[in-house]
Structures are given as structure tokens and as C-alpha cells.
Amino acid sequence: AMALRAASASISDQRVNDPLEQTLRALFNRALRQREIGLSDSFFDSGGDSLAAARLFSDIERVVGVNLPLVELTRHPSVETLAARIRQGGWNPTSNPVVLLTKAPEADATNVFIWAGAGADVMTLCELAGHLGPSIALHGIQHRGIDGRREYDVTLEDMAKRGVALIQALQPTGPYALAGGSFGGRVALEVARHLRAKGEAEVFVGLIDTYGPGYPSPRKDLSLISRLRLMVRQTKPIGRADEPGVAVVLHGVLDRMILLLGARLFMKLSPAGWRLRGPIRYLFARQACIAAGRRRAPEPYEGPVHLFRAALQPPADLFESDPSLGLRPLLVSEPIVT
């Protein structure tokens, strides 16, 4: 018994003095803005989100010298498991534009191909994969440029052609199931158009809170007080929880200044060979997606479309209400709304 306790203490001492784990632990704490996180604590259970994950992996690349794909954090969310993954090696952040998000799909699972929102990494869809279960093999298709190498698809047509090639390399024939969240739904819709043009009649299209062009639009009969409410609403932080007091406005204004700089300045001034690091890579990829969405809209899609809407939508007293989320100009028939 004494020998067993001594061996256990020796292993514990080795873990405490493990340089890689201690470095990662410090970076986890920095990204999460916490004093301490345990070696086995999950990054996401400790309050981490996709933006914090981007900061974490940027720090890991700078301090440790390894450029990991962000989706690795969903598979290895603790300090000890991520350290083991780094020691294992063998990854390439640019070699896998299609990421299997389902942890252990069944052998006969149905393939579903999904795109994230504008400039978002597919790791944001891992929670959805968990809810769908092992009978669905959820494959996330990364936007070009998400790795920071500044190679973008600048039209929905380009995104669709790339998407079709990636999908058919994995599944040569239909039926196909496509989905997309937010702007990713626009991409999925265009991929479905290309597949049908190639003779694939059975194509399921599921759009998750995908907005059509110009949606939501403010009501035209707003009172002065309502217009002030609208202005305050438009200064709220992007993708963050609301905070009390002036912090809401300050964070919201800062977010929009960064977006403006990204759209008007960063893309023009940064050298073409400069690889972006950290959260700014998502800003650039987002701007590329927005530019693609603003170009000429394609002909309306003729097949059936399922629209999944969140319960919380833009308030009807400030914005024109539309159950189809402004998608009607993009569709021949009414979407099936859930």
C-alpha cells in the first residue's frame, strides 16, 4: 500500500511539473478569464465559447508553436486531452475542409452536410450534432479562408461549386441532405440548386434561422420612442450576452467599429501573403461571405425547403413581421416552417 501511494504521488508530481500542460492551463485561464481551471475541466463547461476558443488557439500557436484546427478543441476540450493531442501530432489545418461533427455515428447513419454562419467555424455546430444523435452523421463544410490564409470564395456560385465537389467526393450519389445556419443556409440552398441541375432530384434542404436579403427591415410607422429603442438595440454586442449598464453600448459600438475597419481598411492594407491569426480570421471570412451574399441573387429555388426558426425573433413592434424570414424572393414555393 505504501509503494502504491508513493507511485501515485510520483505520477501526481510529474503532472504538476508537466511544462506543456502547465502552459496550456495558463492559456486556458487567460482565454476564460479565470484564475484556475483543472487539468480535466472542459473548456466549454467552464464558460468558453467560439470567440474565446479562437483567442485560445491563437495564443497556443504563438506560445507553443502549433497551429491546430479549432475543431480539435471540441474533441479534446480539457488541458490534459489537448496536451495529449498536441504530443500525438499529425494534423494539418488546411487539409480537411469537411469535418465529421458527430462523435460516433452509426455504420448506416444518414449523411447531413451543413454550413455555419458567415465567417463561423463549424465547431459552433458540434452541440447540434450531439442533439441529432448517432443516426445522423453531421458533416460540417468549412468556409474557405477560415484557416486565416485569405483565400475566399467571393460568390455564392463559387461556394456552391466547391460544396458540390466536396460532398460528392464523400457521397457520389443521392439522395442528399443539406442544412445551413444563418448565412450557411444561403450556401446550402445554392448547393441544392446545383445538385438538382446535375439530375439529383432527392435533395432535402433545412435552413436554420436563415434570413433572406434585407431581412429584418424596420417598420415604417415607428414612433420617435420606438426609433430610439431601435438605435439602442443596434448597439448591442454581436454574439455576446447582454451586460448591464453602459458596457452594452461600449461593447456594441466597439464590435461595429471592428466590422467597419475589417470591411473598409484591413482587407486593403494587410499584405496578401500575411496569414491571419486569432479571431480576426473570422472577421475577414465573414466579410467575404457578406460580399458574396450581396451579389446578384440567383433564380428562385424550385425544390421544397424546411425552415427552422428560433422562438426568439426580431420584435414585431420594431420590425416588419415575416414568418418566412424574408426568404420568399429566393424560393418558388412557401417554405415548410418549424
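From a predicted model like this one, the values you see are computed outputs, not experimental measurements.

### Quick word on helix H5 (residues 79–88)
Okay, step 1: If you check which residues of H5 are buried, you get Val79, Leu82, Ala83, Arg85 and Ile86. Seen from one end, H5 has its buried residues packed into an arc of 160°, which puts them on one side.
Okay, step 2: Where H5 is buried, its residues meet helix H2 (19–32), helix H3 (50–63) and helix H4 (72–75).
Okay, step 3: Directly after H5, the chain includes Gly89, whose backbone phi takes a positive value near 70°.

### Concerning H3
Okay, step 1: Over its 14 residues, H3 runs 20 Å from end to end, which matches the ideal 20 Å to within 8%, given 1.5 Å per residue.
Okay, step 2: For H3, every residue scored as buried is listed here: Ala52, Ala53, Ala54, Leu56, Phe57, Ser58, Asp59, Ile60 and Glu61.
Okay, step 3: Of the surrounding secondary structure, the elements contacted by the buried residues of H3 are H2, H4, H5 and helix H11 (280–294).
Okay, step 4: Looking one or two residues past H3, Gly65 carries a phi angle of roughly 85°, positive in sign.

### Some details on a nonpolar patch on the surface
Okay, step 1: Side chains of Phe204, Ile208 and Phe308 sit close together on the surface and give an oily, nonpolar patch of about 230 Å² of accessible area.
Okay, step 2: Counting through the fold element by element, Ile208 comes out in strand E5 (residues 203–208).
Okay, step 3: Residue Ile208 is classed as partly exposed on the basis of its relative accessible area of 31%.

### Remarks on the packing of H2 against H5
Okay, step 1: Direction vectors running N to C along H2 and H5 enclose 125°, while the axes themselves pass 9 Å from each other. By the angle between their directions, the pair H2 and H5 is classed as oblique. Classified by chirality, the crossing of H5 by H2 is right-handed. Of the residues in H5, those touching H2 at Leu20, Glu21, Leu24, Arg25 and Phe28 are Val79, Glu80, Leu82, Ala83, Ile86 and Arg87.

How each quantity is defined
Residues numbered from 1 in each chain as written. Predicted model: local features only at pLDDT ≥ 70, side-chain atom pairs only at ≥ 80, totals over all residues. Heavy atoms only, no water. Buried < 20%, exposed > 50% of the residue type's maximum accessible area, 1.4 Å probe, protein only. Helix = DSSP H or I, 4+ residues; strand = E, 2+ residues; numbered from the N terminus. Arc of directions from axis to C-beta. Contact = heavy atoms within 4.5 Å. Expected span 1.5 Å × (residues − 1). Patch = residues over 30% accessible without salt bridge, like charges linked within 9 Å, V, L, I, M, F, W, Y side chains within 5 Å. Areas by Shrake-Rupley, 256 points an atom, 1.4 Å probe, with all protein chains shown as cover. Salt bridge = Lys/Arg side-chain N within 4 Å of Asp/Glu carboxyl O. Axes fitted to C-alpha atoms, helices over the stretch in contact; angles between N-to-C directions. Parallel < 35°, antiparallel > 145°, perpendicular 65-115°, else oblique. Left-handed = near helix turned anticlockwise from the far one by under 90°.

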